[in-house]
4 protein chains.
Amino acid sequence: MRFASDNTSGAAPEVMAAVIKANDGYDRSYGADAAMGRVTALVREIFEAPEAVVHLVATGTAANALAIATHCQPWGAVFCHTHAHVAEDECNAPEFYSGAKLILVPGDHGKMTPATLADVLARTGESGVHGVQRGMLTLTNVTEAGTVYTPTEISALTAQAKAHHLPCHLDGARFANALVATNATPAAMTWAAGIDVLSLGGTKNGCMGVEGVVFFDPAKAWEFELRRKRGGHLWSKNRFLAAQIEAYLTDGLWLRLAAQANAMGQRLADGLAQKGASQRHPVQANMQFPEWPEGAHARLEAAGAAYYRFPAPPGREAARLVTSWSTTAADVDQFLAAF
Amino acid sequence: MRFASDNTSGAAPEVMAAVIKANDGYDRSYGADAAMGRVTALVREIFEAPEAVVHLVATGTAANALAIATHCQPWGAVFCHTHAHVAEDECNAPEFYSGAKLILVPGDHGKMTPATLADVLARTGESGVHGVQRGMLTLTNVTEAGTVYTPTEISALTAQAKAHHLPCHLDGARFANALVATNATPAAMTWAAGIDVLSLGGTKNGCMGVEGVVFFDPAKAWEFELRRKRGGHLWSKNRFLAAQIEAYLTDGLWLRLAAQANAMGQRLADGLAQKGASQRHPVQANMQFPEWPEGAHARLEAAGAAYYRFPAPPGREAARLVTSWSTTAADVDQFLAAF
Amino acid sequence: MRFASDNTSGAAPEVMAAVIKANDGYDRSYGADAAMGRVTALVREIFEAPEAVVHLVATGTAANALAIATHCQPWGAVFCHTHAHVAEDECNAPEFYSGAKLILVPGDHGKMTPATLADVLARTGESGVHGVQRGMLTLTNVTEAGTVYTPTEISALTAQAKAHHLPCHLDGARFANALVATNATPAAMTWAAGIDVLSLGGTKNGCMGVEGVVFFDPAKAWEFELRRKRGGHLWSKNRFLAAQIEAYLTDGLWLRLAAQANAMGQRLADGLAQKGASQRHPVQANMQFPEWPEGAHARLEAAGAAYYRFPAPPGREAARLVTSWSTTAADVDQFLAAF
Amino acid sequence: MRFASDNTSGAAPEVMAAVIKANDGYDRSYGADAAMGRVTALVREIFEAPEAVVHLVATGTAANALAIATHCQPWGAVFCHTHAHVAEDECNAPEFYSGAKLILVPGDHGKMTPATLADVLARTGESGVHGVQRGMLTLTNVTEAGTVYTPTEISALTAQAKAHHLPCHLDGARFANALVATNATPAAMTWAAGIDVLSLGGTKNGCMGVEGVVFFDPAKAWEFELRRKRGGHLWSKNRFLAAQIEAYLTDGLWLRLAAQANAMGQRLADGLAQKGASQRHPVQANMQFPEWPEGAHARLEAAGAAYYRFPAPPGREAARLVTSWSTTAADVDQFLAAF
């Protein structure tokens, strides 16, 4: 009954096994390890992108901030959703690394729309040197509201950005969950939909701590390497990052882990719906924001459930519930029983 | 025969076992995990510093850059040795995080002296707002030349800094090797010698990737936490960093690992000396810079030895050789035989 | 009929005379000139603040950005109005100098209210290290909408900030205009209303290019001096800045200049009202945003009027009109006639 | 007898007259003023560079720091002389604006040589992502030692940089003095000698406060404009900067002013030589560093002379003496008499 976050779960057995195996003997450091070549090959195959380059870091904030800094000048605007992780949960890291300014794009259920984006784009960068210049677009999928963009929706947004010649980043901290939710291919969700650079999340979905930054246009990859080192994010024993992501991407493990997380999310949402709870946003992946009448918090917490309380109107209670690769049907059913 | 760097070795079995154990079940994220409390207790006990605060990051560059940024204003000067890792091997990370300027202090064998430091201190910060202000001192132990400062030597240097009210940082990427080399206690080498903040290395000495930043004055620790997050260095699954450092510091493992590395360094130096090699710097820990007549590079590399070649005068060859916790006597003897 | 901005006018004769006089002979550089002492004395007297410290820069963006950087940490939030100059017209300068994040506070007619500020304050800095910390408040008076805060209104806003122990800055690019509009004393509008640091505008109101940064708490002044030099804003021939501001503040010149600008603004507004134009915001100082039926733009521009067109609903036209110290009644009347 | 610095003198009468004239009436702001077009035409003609772009700022530190930031990435190395103004006298401004690292190149009498530069270039940027990358070259002419590079010497240095594809900047705070000293044309001293961007000093040589940044390759000029605004260095009433530089460059005024400064420097040096003083560096322009037997400081200062004392060996005294456009033969002779 641990639904506080998908980062309170551990690493999947296959990932842990790969880390143990990677510990054998000596290996070259700073990314010249043998596994890193295999990771690149895997990414190129899975994304159907033979020129793609991937580099690894240990945290999602580093992946996002470095990817953004590599694509946006210090006098640029980074267009992101009002409640994007980069805007609300990274303590200025994107600004620290890039010098750029985040410009917030509204939209219901955590998603900007072509109309809201077009509106903000039109109002930005129109005052010469006095204001920031249009810089880049960053989307998050799965969103912070637990909703999911389809490839078609992403294409419609990147088209707005491309009309202004802006590069497009996808924060995929829960990228596998988004793929499973939409049944899209990795290619369809990224470069085929106009994404230039992807933060490919591993940590929340069964790794210890690893994120890939995937460049579909390799021209920026060397700059990224310099920024990564300058940010202190280049691991000397990079083999331990590479081993995680290699196992994660091998034989579809990442999708199986995400499928379990999403399925448990759905099971939880279905159960709550039967018991009268409403949802603030459509439940489409592994994160939900149910609301119910007062009283359940006390029962659930007494039963040992862990999750974040959210503000609610008088007489009501609200929560954020996140399922993960390690959530079991028994966890969900026990929660529902306590509810 | 892998002597390229101590970061080409893997993790010690005890560390790996701890990581595996840490993977059991759920744990709170972002440093609120159970192990982190035990790490703090261990650090306080080992350093005889009941008020010390420790935070973890995954790389040495992050530890140094964040520690420096926390103690030096953007208009300050960071006094470091001419060949310090922070000056030569971190791609401007200390400057990126702090905004400060590194002012180089010369000295033979990788060590500044009270006289060279005093000289540079006297010439810095004397021109009002026009130049940088004196900011802080950072020392490295084991130095980049493989030599070691004793606590007495450190005290003499920090005294120079304290005369200007400057905080003092110790880059201890190879701190355990320095302790073993001098037989000093952790306390004697740090706060008792005037050190305010320590980068406590784990990665090079048998961990996967973890460094502690130890604040003997806890007043700066909260600022460090904000800077760590803003730099993207706060792990969501911090338990995997905490598990490493907990195992590392438990029952003297860190000192045993360093003792092996140092002993193998000495065995290698002794063997090379018997075969006529000279050393550029005194061999005091686990890194050495031997020089020998032309020809050995080809023999050694043919035999499978891996290490960095260094420039040498005509007719001579030079190398950097680093031993680690996993170096065996057989490795050393095989190298000497090939030599 | 030049109403594009108060910065299209030149310098007042008294200011120019002072600059010419300052050019006599030699003087000490970098702020050690004789006039600078007199400027400090004038500021202390006029603001009834015997401990105040004032430093000079040449642009308003520099004054604001440096004042903010001196009072807000890089992980802090700067609370400002949605349409503040620091947010919209300084090309990220405040973020560049401070590293901080601007958090926008809404409010009609360019003014935040205690309620809108309290709401944003309550929602910021509540997520530990994950988000920015509450940093400081910055207000603008005259606002970007041409409206004016009274001292009482400022006090109510700074009280909200002080409840969170935040320092408060006032962007007074048009400070004299605000004083004239409210008939407040400089003290009442600043430190007595909770303002810690003031950007005291000279450029828009009859100087060539000079702004004072006034610290009511002198503790931060030395840091400002270092930041000013590091930003390249310390003049070697500071006497030419000091001469401007000395003349400006002597014998009430600044208030006379602002009174003329405000009076001409009122004359213009009255005339437009008589001719059926509406105003988007109350006209309280020297900047207004009238709206009128289609057709007047063409007539006015044909007659030689210069100003910024603003977007308007179908069938309507809108403008920003700014009067200055050098606007004459004839200018206004000619504009009204052409209208 | 004011020899402390050329920035203790005022503005030349022609410059002041131009400022007064520029004050007439209204003009467009932020660099769209009429004079700015004339300044561009003048620069293109004088430098025989029909594509050159010039932008103005008020201080030399701003000119240098912005020019450097426009040409060097944050992970780059800026090669400059050990005692360059950008290294010693700008409180980290170049690093603040660029994020880059200054790498010091030694050389006698304030001048690097092809050999010292080649040596430092060869030792920099050879360690992949671990160290800074070679970024750009910046030279100073007149140097901080009062010596002067000839165009041939500059070409030999920029050739070293160009071999690594590095852009080259010239800090010309005393550019006119260097031209006069070498009898070189502006073109020969800059683009024809491999200089890509010039800080064209006005302040020290008879202006109030203005420096041009001249881009011989206009491709970088727009980025400069954004950086200038973001740094708070764009003047709203830019006409007052443009007027100064227009007058300065018209009819050779700048060269006449520099010729007077240099001639007075030579007269002073000759007089001191006759009285037995030695010089630390060759006297080639308007700044000198004489040394003499103990006792003269007291006599000179009693007579009202103002200058900087420099450290000297026991029994000796040393000084920095700077002459300017406003130094008269009487000033010099009075100094010599007092000596």
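What counts, and at which threshold
- Residues numbered from 1 in each chain as written.
- Chains lettered and ligands numbered in written order.
- Predicted model: local features only at pLDDT ≥ 70, side-chain atom pairs only at ≥ 80, totals over all residues.
- Heavy atoms only, no water.
- Pairing = 2+ DSSP bridges.
- Helix = DSSP H or I, 4+ residues; strand = E, 2+ residues; numbered from the N terminus.
- Axes fitted to C-alpha atoms, helices over the stretch in contact; angles between N-to-C directions.
- Contact = heavy atoms within 4.5 Å.
- Disulfide = S-S within 2.5 Å.
- Buried < 20%, exposed > 50% of the residue type's maximum accessible area, 1.4 Å probe, protein only.
- Least-squares fit on C-alpha atoms with pLDDT ≥ 70 in both.
- Right-handed = clockwise from strand over helix to strand, strands pointing away.

What follows covers the sheet that holds strand 5 (residues 168-172) of chain B. Residues and elements named next belong to chain B. Read across the sheet, 7 strands follow the order 1-7-6-5-4-2-3 without closing on themselves; strand pairing throughout is mixed. Here the strands that pair on one side only, and so sit at the sheet edges, are strand 1 (53-57) and strand 3 (101-105). Direction aside, neighbouring strands of the sheet carry axes that sit 25° apart on average. Along the sheet, helix 6 (residues 114-123) contacts strand 2 (76-81), strand 3 and strand 4 (133-140); its crossing angle with strand 3, the most-contacted strand, is approximately 140°. Contacts from helix 10 (residues 221-230) reach strand 1 and strand 7 (211-215), with the element oriented near 10° to strand 1.

Our focus in this paragraph is the sheet that holds strand 2 (residues 76-81) of chain A. Residue and element names in this part refer to chain A. Strand order across the open sheet formed by 7 strands is 1-7-6-5-4-2-3, with mixed pairing between neighbours. What marks the edges here is a single partner per strand, and that holds for strand 1 (53-57) and strand 3 (101-105). On average, each strand axis in the sheet is inclined to that of its neighbour by 25°, with strand direction left out of account. The pairing of strand 1 with strand 7 (residues 211-215) spans 5 bridges and is antiparallel. Residue Val57 lies in a different strand from strand 7, and its bridge partner there is Glu211. Helix-sheet contacts for helix 3 (residues 60-71) involve strand 1, strand 2, strand 4 (133-140), strand 5 (168-172), strand 6 (197-201) and strand 7, and the interaxial angle to strand 7 is about 20°. Packed on one face of the sheet, helix 10 (residues 221-230) meets strand 1 and strand 7 and runs near 10° to strand 1.

Attention shifts here to the state of the cysteines. All names here are of chain A. Counted according to the given criterion, the structure contains 0 disulfides over all chains. With no disulfide of its own, Cys72 has Cys80 as its nearest cysteine by sulfur position, at a separation of 11 Å. Classification of Cys72 as buried rests on a relative accessible area of 5%.

With omega at -5°, the peptide bond leading from Asn141(B) into Val142(B) counts as cis. In this fold, Val142(B) is placed in the loop between strand 4 and helix 7 (151-162). Even without glycine at this site, Asn183(A) takes up a positive phi of about 60°. With respect to the helices and strands, the residue Asn183(A) is situated in the loop between helix 8 (175-182) and helix 9 (186-189). Accessibility expressed as a relative area gives 72% for Asn183(A), which makes it exposed. The backbone phi angle of Asp251(D) is positive, close to 55°, even though this residue is not glycine. Along the chain, Asp251(D) falls in the loop between helix 11 (239-249) and helix 12 (253-274). Judged by relative accessible area, Asp251(D) falls into the exposed class, the value being 68%.

With that out of the way, let us pick up the relation of the copies chain D and chain B. To go from the first copy of the chain to the second, apply a rotation about an axis and then a shift along the same axis. Of the two same-sequence chains, chain D is brought onto chain B (RMSD 0.0 Å, axial shift 0.0 Å) by a rotation of 180°. Seen this way, the second copy is the image of the first under a two-fold rotation axis. Comparing interface residues between copies, 100% of those in chain D also lie at the interface in chain B; the contact surface is shared.

Mapped onto the secondary structure, Pro74(C) falls in the loop between helix 3 (60-71) and strand 2 (76-81). Sequence separation between Pro74(C) and Gln133(C) is 59 residues, and the spatial gap between their C-alpha atoms is 9.4 Å. Filtering out sequence-adjacent residues up to four positions away, Pro74(C) remains in contact with Asn92(A), Arg230(B), Ser98(C), Gly99(C) and Ala100(C).

Residue and element names in this part refer to chain D. Counting buried positions along strand 4 (residues 133-140) yields 7 of 8 residues, so the element is predominantly enclosed. By the bridge criterion, 4 bridges tie strand 2 (residues 76-81) to strand 4 in an arrangement that is parallel. The partner of Val78 across the bridge, within strand 4, is Met136. With 4 bridges joining them, strand 4 and strand 5 (residues 168-172) adopt parallel strand pairing. When the bridges of strand 5 are listed, Thr140 appears paired with Asp171. A crossover connection joins strand 4 to the parallel strand 5 through helix 7 (residues 151-162); in handedness this β-α-β unit is right-handed.

Just distances and angles here, no functional claims.
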